[in-house]
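# What the coordinates show
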Amino acid sequence: NAITGTKTFLLTVKQRPAVADAGGKVEVSTDDTEIMIDTSNADSISSISVPSTVAEDEIVTLNLKALKTGNNITLGSNVLNLPRATDTVTYDVVIPAGTVISGSDTWNGLISLPAIKAISEVTATATSGFTVSTDKVIEVGATTPLNFTKAVTLTIPGMASSKAGYTDADGIFHTIPSCTVDQANDPSSELPVAGDCYTTSGSDLIIYTKHFTKFAAYTETAIPEAPPEENGG
């Protein structure tokens, strides 16, 4: 009772894989904004939902490190829905079952779920004769480019009248073309590697994409022609 000693232990605390409810849903909480999927739960999770109680611009991370083989990750047998609710609408990202995600050598297996960013973060490029304004910016993915073997569906509510575009890793803006009939019917087969297109459904803007990045809905407005000058006389 007169002598004390200290011993140091090095511990590794393993992250607990997410647990889905009976319907396959995992709901993100404000206290736990990283969701881990590994071989134990990859086939049981069908939805990872971010509620409006989590700030719309807060980064929520999907941790897929345990599924990573080389630079690739193969998702489970369920379609994976990634809805994000705000006080007014719900944005959604849907990844088809069995999709293979490919990243660079530096990708750590983490993916940021959709987050609503400031419209000032994307400057859309106007077509000649038009002015342009950015309406909505949705960021999803990682700090390194990610490509998908199947087309992912991104739904932006209330933006059917807008066009679509994205910025690449260098911040350069690219327009997204309108879908052809074949692309809209079967985007996974018809879109090329890292390709994308957009269409509408009701009042919503739908983007089909085989890559993740910062997406934008934007509006082009034609510049009025100047009236002809009147000649005196």
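Residues numbered from 1 in each chain as written. Predicted model: local features only at pLDDT ≥ 70, side-chain atom pairs only at ≥ 80, totals over all residues. Heavy atoms only, no water.

### A few points about the overall build of the chain
Check the secondary structure of the chain and you find two helices and 18 strands. For the chain, whose C-alpha radius of gyration is 22 Å, the value lies well above the compact-globule estimate of 17 Å for 233 residues. Burial statistics for the chain: of 233 residues in total, 41% are counted as buried. Excluding contacts between residues fewer than 6 apart, the proportion of contacts in the chain whose partners are at least 24 apart in sequence is 68%. Accessible area for the chain stands at about 12800 Å²; split by element, carbon and sulfur atoms hold 49% of it. For the chain, the separation between the mean place of its 13 positive charges and that of its 27 negative charges on side chains is 13 Å. (Helix = DSSP H or I, 4+ residues; strand = E, 2+ residues; numbered from the N terminus. Rg over C-alpha atoms; globule rule 2.2 N^0.38 Å. Buried < 20%, exposed > 50% of the residue type's maximum accessible area, 1.4 Å probe, protein only. Contact = heavy atoms within 4.5 Å. Areas by Shrake-Rupley, 256 points an atom, 1.4 Å probe, with all protein chains shown as cover. Lys, Arg positive; Asp, Glu negative; His and termini not counted. Charge placed at Lys NZ, Arg CZ, Asp CG, Glu CD.)

### Here's the deal with the state of the cysteines
Considering all chains together, one arrives at one disulfide under this definition. With its sulfur 2.0 Å from that of its partner, Cys179 forms a disulfide with Cys197. What sets the handedness of the Cys179 and Cys197 disulfide is the S-S torsion sign, and at about 85 degrees it is right-handed. Of this pair, Cys179 sits in the loop between β15 (173-175) and α1 (181-185) while Cys197 is found in strand β16 (residues 196-201), placing the two residues 18 residues apart along the sequence. (Disulfide = S-S within 2.5 Å.)

### So, a negative patch on the surface
On the surface, Glu56, Asp57, Glu58 and Asp87 cluster together to form a negatively charged patch. Summarising the element assignment, Glu58 is placed in the loop between β3 (47-49) and β4 (61-63). (Patch = residues over 30% accessible without salt bridge, like charges linked within 9 Å, V, L, I, M, F, W, Y side chains within 5 Å. Salt bridge = Lys/Arg side-chain N within 4 Å of Asp/Glu carboxyl O.)

### Re the packing of aromatic side chains
Applying the stated criterion across every chain yields a total of three aromatic pairs. Consider the rings of Phe148 and Phe212, whose centres lie 4.4 Å apart with planes at 55 degrees: the pair is tilted. With Phe148 in strand β13 (residues 146-156) and Phe212 in strand β17 (residues 204-212), the pair connects residues that are 64 residues apart, well separated along the chain. For Phe148, a relative accessible area of 4% gives the class buried. Taking relative accessible area as the criterion, Phe212 reaches 7% and is therefore assigned buried. For the cation-ring pair, Lys7 lies above Phe9, with the distance from its terminal atom to the ring centre recorded as 5.7 Å. (Phe/Tyr/Trp six-rings, centres within 6.5 Å; stacked < 30°, edge-to-face > 60°. Lys NZ or Arg CZ within 6 Å of the ring centre and 35° of its normal.)

### Comments concerning the side chain of Thr144
By the element assignment, Thr144 lies in the loop between β12 (130-141) and β13. Residue class for Thr144 comes out buried when judged on its relative accessible area of 9%. Dropping the residues within four chain positions of it, Thr144 is found in contact with Ser104, Thr106 and Trp107.

### Describing the pattern of salt bridges
Taken as a whole and judged by the stated rule, the model has four salt bridges. Between Lys25 and Glu27 there is a salt bridge, with the nearest N and O atoms lying 3.5 Å from each other. Linking Lys117 and Glu139 is a salt bridge whose minimum nitrogen-to-oxygen distance equals 3.9 Å. Residue Lys117 is found in strand β11 (residues 110-117), and its partner Glu139 is found in strand β12; the two are separated by 22 residues along the sequence. Judged by relative accessible area, Lys117 falls into the buried class, the value being 18%. What makes Glu139 partly exposed here is its relative accessible area of 28%.

That's the geometry; what it means functionally is another story.
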